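Close look at the chain arrangement
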Amino acid sequence: MLLEIEDVSLLYGRIQALHGISLTVAEGEIVALIGANGAGKSTTMRAISGIRPIATGSIRFEGEDISKLRADLRVRRGLCQAPEGRGIFPGMSVLENLDMGAYTRRDRAGIAEDLARVLDLFPRLAERRKQAGGTLSGGEQQMLAVGRALMSRPKLLLLDEPSMGLAPMLIQQIFDIIKEINEQGTTVLLVEQNAQQALARAHRAYVLETGKIVKTGTGAELLHDPAVKEAYLGVA
Amino acid sequence: MTTVLERVRSGREAAGERWRGAPRWVRWALLVAVIAFFYALPNREFYQYLGPIPTPGANFTQVLFTVSIYVLLAVGLNIVVGFAGLLDLGYFGFFAVGAYTVAVLTSPSSNLKTLWPWLLVVPLAIGLTMLSGVMLGTPTLRLRGDYLAIVTLGFAEMIRIAAVSSEFLKGQRGFNQIPHPPGKYADGKPFFGVLDARPYYWLVLTLIILVVIGVRNLTHSRVGRAWISIREDEDAAQLMGVPTFKFKLWAFASGAAIAGLAGALFAGKQNFVNSQNFELLNSIIILAAVIFGGSGNIVGAIVGGGLVAYMIERFRGIELFGVELYEYRFLIFGLVLVVMMIFRPEGLIPNRRRAAEFKDRRKEVIVGE
Ligand SMILES: Nc1ncnc2c1ncn2[C@@H]1O[C@H](COP(=O)(O)OP(=O)(O)OP(=O)(O)O)[C@@H](O)[C@H]1O
Ligand SMILES: [Mg+2]
């Protein structure tokens, strides 16, 4: 297993946001995490990337316990997150933002290669390479956040709502790109409100409710699960 | 009103464009001319032709020394506030640590009676201020929010109160006969002394140039990128693999070290250090100067620090409607700051990025190489 989370709880002060969740991601998979607002999806991502310390449980990456490891060292191991709300550096240009994605790397040739690949995946970013990140449109920032995370050449890419605020056409496009990235060899853990799209493309998925995992299965299974349909797919 | 402002703004942008577009040799020639001007400035033979620039109410060379110390401090604080985006409200505390380290170890009034030479103590003073920066930063820089501002504010006050009331630091009576740096003229007279401030000014000017070169190199390296990313979005920086705590501590400690150096220079020049030199107001003035000049931009910090320190001295001896302007210097300074924050919050000569951070989406911004 690439990522194994076991019985993880997380507290914000006295508020407990995660109650002993366990999930796994195998190499090569797209795993989706779906759930209502405030269910704890972003919190799970923060726990994995190390932005927030966990209270109990363990997080293992490539078989090693990383629960206590600092966030920046997790990036060095091959875990990279495109955060919710994008987290673009507003004063840096598109290229500089992408360059920050490769901060932990020193192989110039490899970085140039990945830059070409990202600009290829997102031609829109190539057009606007010198524009300041803060002046990009919401959708463009979203692409930049995904592209920037890719620049670290992660083994596991964590995407927190990459389709948030995008026009329907772009949503389609970003999901296609995620699929493409995955086919090129990157494992993806995907948090989505857009359950329909996420489940259609995910190998496996978990449903999170108030800080607990309540259901798991393959993407197709959950897509046809009546309870999931009713709660998250807007089908009665 | 806005159109005038817009025109001023675009005029300045055009000037910036022309500067960046100018051939290399033109930029170098201009730079050399500016530096030469400032080396020549403290000579009476030169400044007597400069019309209203020399200060009427104070010895101009002494004023220049004070201004140069402020510039050095502004360059140092700019690393902390401008590059790493850390709010340090007690920067003058580090200046005090530098000055007192020199005083305690060199002055005959000190209880220690070590009487070490000035030059030997300078590295110690820098080291000690850096250490105090690390000690202050280690617990606070891990936390987000306003802790650092509060802790630094407390630190500066603590140093000041210790200076006022501790027997060891001599309070008002202070330390006298602090030695000068070494160096003699051909005729055997010492180069550095109390009467002629010029050698000290030249020394500080030279150090400013060296520090600026160092800081420039840093900001163009991975360290600089890390600082900027932390300032712009600390969480995102960490998610990109930047060890944020380490770099914040570095920025904070290097800023402190520069203040320590400034303090050591000040102690040598004044020949005397007592508790009156380290009022809280000074910390605020330097911070305001950095923001005024354009935080995040080295040139902005230099201009801000220089202009603020110079204007305050320039008010001396000027009367307007029967009041001495100097008495109202802080009122005027405060008004200028308020006006500035309304019309140009990014400072006089902002960092291009910083300007983009402020403008955000008001306008299309190109951040070029
Ligand atoms: N910094 C914080 N301090 C206190 N509580 C927090 C904090 N961040 C999140 N929470 C709480 O933790 C719970 C889970 O939040 P989280 O952001 O993980 O939800 P989410 O599933 O990502 O929701 P959404 O779909 O709206 O993004 C929520 O109840 C939220 O209010
Ligand atoms: Mg969320």
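Residues numbered from 1 in each chain as written. Chains lettered and ligands numbered in written order. Predicted model: local features only at pLDDT ≥ 70, side-chain atom pairs only at ≥ 80, totals over all residues. Heavy atoms only, no water.

Labelled according to an unreviewed UniProt entry, chain B appears under the name Branched-chain amino acid ABC transporter permease, originating from Micromonospora arida.

By the naming in an unreviewed UniProt entry, chain A is ABC transporter ATP-binding protein, taken from Micromonospora arida. For chain A, the Sequence similarities (unreviewed entry) comment in UniProt is given as "Belongs to the ABC transporter superfamily." (UniProt positions renumbered as here; feature names shortened; annotations may be inferred.)

1. A short note on the overall build of chain B
A tally of helices and strands in chain B yields 15 helices and two strands. The C-alpha atoms of chain B give 21 Å as radius of gyration, which agrees with the globular expectation for 369 residues (21 Å, within 12%). Projected onto its principal axes, the C-alpha positions of chain B cover 60 × 55 × 45 Å. Considering chain B as a whole, with its 369 residues, one finds that 50% of them fall into the buried category. Here chain B has roughly 17,700 Å² of accessible surface; of this, 67% comes from carbon and sulfur atoms. (Helix = DSSP H or I, 4+ residues; strand = E, 2+ residues; numbered from the N terminus. Rg over C-alpha atoms; globule rule 2.2 N^0.38 Å. Buried < 20%, exposed > 50% of the residue type's maximum accessible area, 1.4 Å probe, protein only. Areas by Shrake-Rupley, 256 points an atom, 1.4 Å probe, with all protein chains shown as cover.)

2. Comments concerning the interface of chain A and chain B
Contacts between the two partners involve 34 residues from chain A and, on the opposite side, 29 residues from chain B. Roughly 2,800 Å² of surface becomes buried between chain A and chain B when both sides are summed, with 57% attributable to carbon and sulfur atoms. Our enumeration of links across chain A and chain B arrives at one salt bridge. Residues Arg225(B) and Asp99(A) are paired through a salt bridge, measuring 3.0 Å at the closest nitrogen-oxygen approach. The interface formed by chain A and chain B includes three residue pairs in polar contact (both at pLDDT 80 or more). Elements supplying a minimum of two residues to the side of chain A that touches chain B: helix 2 (71-77), strand 6 (79-82) and helix 3 (94-101) of chain A. (Contact = heavy atoms within 4.5 Å. Buried area = accessible area lost by both parts, 1.4 Å probe. Salt bridge = Lys/Arg side-chain N within 4 Å of Asp/Glu carboxyl O. Polar contact = N/O pair within 3.5 Å; in protein donor to acceptor, adjacent residues only side chain to side chain.)

3. Examining the sheet that holds strand 7 (residues 156-160) of chain A
All names here are of chain A. Taken in spatial order, the six strands of this open sheet run 6-7-8-3-9-10, and their pairing is mixed. Either end of the sheet is taken by a strand with one partner, and the two such strands are strand 6 and strand 10 (212-218). Along the sheet, successive strands turn relative to each other by an average axial angle of 15°, direction set aside. In terms of strand pairing, strand 7 meets strand 8 (residues 187-192) through five bridges, oriented parallel. By the bridge assignment for strand 8, leucine 159 is matched with leucine 190. The sheet contacts of helix 1 (residues 41-49) involve strand 3 (30-35), strand 6, strand 7, strand 8 and strand 9 (204-209), and relative to strand 7 the element is tilted by about 150°. Its contacts with the sheet put helix 7 (residues 168-183) on strand 3, strand 7 and strand 8, and the angle it makes with strand 8 is roughly 155°. (Pairing = 2+ DSSP bridges. Axes fitted to C-alpha atoms, helices over the stretch in contact; angles between N-to-C directions.)

4. Here we look at the site of ligand 1
Residues and elements named next belong to chain A. In the region of ligand 1, 15 residues are neighbours, and Lys41, Ser42, Thr43, Glu84 and Gln193 sit closest. In the model, an oxygen atom of ligand 1 is placed 2.6 Å from a nitrogen or oxygen of the glutamine 193 side chain. Against a free-state accessible area of 640 Å², the protein chains account for coverage of 65% of ligand 1. It is helix 1 that contributes the most residues to the shell around ligand 1, four residues altogether. A class-by-class count of the residues in the shell around ligand 1 yields four nonpolar, six polar and five charged. (Near = heavy atom within 4 Å. Nonpolar A, V, L, I, M, F, W, Y, C, P; charged D, E, K, R; others polar.)

5. Quick word on the coordination of the magnesium ion (ligand 2)
Distances from the magnesium ion (ligand 2) to its protein donors, Ser42(A) (OG), Glu84(A) (OE) and Glu84(A) (OE), fall at 1.9 to 2.8 Å. Of this pair, Ser42(A) sits in helix 1 while Glu84(A) sits in the loop between strand 6 and helix 3, placing them 42 residues apart in sequence. (Donors = N, O, S within 2.8 Å, 3.2 Å for Na, K, Ca; no water.)

6. As for helix 8 (residues 198-219) of chain B
Residue and element names in this part refer to chain B. Over its 22 residues, helix 8 runs 31 Å from end to end, which matches the ideal 32 Å to within 8%, given 1.5 Å per residue. Inspection of helix 8 places Pro199, Tyr200, Tyr201, Val204, Leu205, Ile208, Val211, Val212, Val215 and Thr219 among the buried residues, and these make up the whole buried set. Lining the buried residues of helix 8 we find helix 2 (24-40), helix 4 (60-83), helix 9 (222-232), helix 11 (244-270) and helix 13 (298-314). (Expected span 1.5 Å × (residues − 1).)

7. Notes on the side chain of Ser229(B)
As for its placement among the helices and strands, Ser229(B) is situated in helix 9. Dropping the residues within four chain positions of it, Ser229(B) is found in contact with Phe89(A), Met92(A), Met100(A), Glu234(B), Ala237(B) and Val242(B).

8. Here we look at the sheet that holds strand 1 (residues 3-12) of chain A
Residues and elements named next belong to chain A. Strands sit in the order 2-1-4-5 across an open sheet of four strands; the sheet is antiparallel. What marks the edges here is a single partner per strand, and that holds for strand 2 (15-25) and strand 5 (64-65). Where helix 1 meets the sheet, its contacts fall on strand 1, strand 2 and strand 4 (56-61), and the angle it forms with strand 1 comes to roughly 110°.

9. Quick word on the packing of helix 4 of chain B against helix 9 of chain B
All names here are of chain B. As a packed pair, helix 4 and helix 9 sit with axes 9 Å apart at the nearest point and diverge in direction by 50°. Between helix 4 and helix 9, the crossing angle belongs to the class labelled oblique. Contacts from Ile79, Gly82 and Phe83 of helix 4 reach helix 9 at Trp227, Ile228 and Arg231. Among the residues forming the contact of helix 4 with helix 9, the class breakdown is four nonpolar, one polar and one charged. (Parallel < 35°, antiparallel > 145°, perpendicular 65-115°, else oblique.)

10. A word on the confidence of the model for chain B
All names here are of chain B. Considering every residue of chain B, the mean pLDDT works out to 87; 92% of them sit at 70 or more. When the criterion is pLDDT under 50, residues 361-365 qualifies, and its contacts beyond four places in sequence or with other chains add up to 14 contacts. The ipTM, which scores confidence in the relative placement of chains, is 0.89 for this predicted complex, and the corresponding pTM is 0.87. (pLDDT = per-residue confidence, 0-100.)

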